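The residues making up each chain are set out below.
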Amino acid sequence: MDGAVSNRHGAIDLDFGDGTYTFRLALAQIEELEGRTERGLFTLARDLHPDIRTVRTGHIVEVLRIGLIGGGLAPTKALQLTRRYGEATPLDELRDLAYAVVVAALARAHGEEQGGASGEEVAAETTGSTSPLSTPQPS
């Protein structure tokens, strides 16, 4: 799953359904997502992590739907896409897409505090991975 991430804006372009779409969780979308899932963004990132997989299916769909809206799609179009392709796409693939969207948002929101850390590095910290980060962290 390749996606171009703009850490400054937290947008990521991903293949979903019938094309490539921009997903973005800006602060308004993060607040909506946290309210709808009753989970913080860091908790969602942990739950979506491929090694953990404790996320609810409805949360995956909400990340994608709200991410599409944040990426500039009309809410009705985002709902149509997630309904149409959510059923036709394997659940692990949907989870991976949602994980990429959340990690891009975390990289945007915390990139400067992380010294410009990549989304993968932020995700590693979110999930409690013991793997060292490639970017030196401030003490």
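Note: the structure precedes this text.
Being a predicted model, the structure only gives us computed values, none of them experimental.

A. Up close: the overall build of the protein. Helix and strand counts for the protein come out as 6 helices and 3 strands. Put simply, the protein runs from its N terminus to its C terminus through helices and strands in the order β-β-β-α-α-α-α-α-α. Accessible surface computed for the protein: about 7500 Å², of which carbon and sulfur atoms make up 47%.

B. Layout of the packing of aromatic side chains. Evaluated as defined, the whole model comprises 2 aromatic pairs. Ring geometry for Phe 16 versus Phe 23: centroids 6.2 Å apart, planes at 75°, classification edge-to-face. Residue Phe 16 is classed as buried on the basis of its relative accessible area, which comes to 2%. For Phe 23, a relative accessible area of 0% corresponds to the buried category. Relative to Tyr 85, the ring of Phe 16 lies with its centre 6.0 Å away and its plane at 75°, an arrangement referred to as edge-to-face. Of the two residues, Phe 16 sits in strand S2 (residues 11-16) while Tyr 85 sits in helix H4 (residues 75-88), which places them 69 residues apart along the sequence.

C. Spatial organisation of the pattern of salt bridges. Counted according to the given criterion, the structure contains 9 salt bridges. In this structure, Glu 32 and Arg 65 form a salt bridge, with 3.4 Å as the shortest nitrogen-oxygen distance. Taken as a pair, Glu 32 in helix H1 (residues 27-37) and Arg 65 in helix H3 (residues 57-70) lie far apart in primary sequence, 33 residues in all. Note on Glu 32: relative accessible area 31%, which makes it partly exposed. In this structure, the salt-bridge partner of Arg 53 is Asp 92, at a minimum N-O distance of 3.6 Å. Of this pair, Arg 53 sits in the loop between helix H2 (41-48) and H3 while Asp 92 sits in helix H5 (residues 91-110); the two residues are 39 residues apart in sequence, bridging distant segments of the chain.

D. Structural detail: the pairing of strand S3 (residues 19-24). Relative to S3, S2 runs antiparallel, the two sharing 6 bridges. In the sheet register, Ile 12 faces S3, and the bridge partner there is Phe 23. Two successive antiparallel strands, S2 and S3, enclose a turn made up of 2 residues, where Gly 17 displays a positive phi of approximately 65°.

Calculation criteria
- Residues numbered from 1 in each chain as written.
- Predicted model: local features only at pLDDT ≥ 70, side-chain atom pairs only at ≥ 80, totals over all residues.
- Heavy atoms only, no water.
- Helix = DSSP H or I, 4+ residues; strand = E, 2+ residues; numbered from the N terminus.
- Areas by Shrake-Rupley, 256 points an atom, 1.4 Å probe, with all protein chains shown as cover.
- Phe/Tyr/Trp six-rings, centres within 6.5 Å; stacked < 30°, edge-to-face > 60°.
- Buried < 20%, exposed > 50% of the residue type's maximum accessible area, 1.4 Å probe, protein only.
- Salt bridge = Lys/Arg side-chain N within 4 Å of Asp/Glu carboxyl O.
- Pairing = 2+ DSSP bridges.

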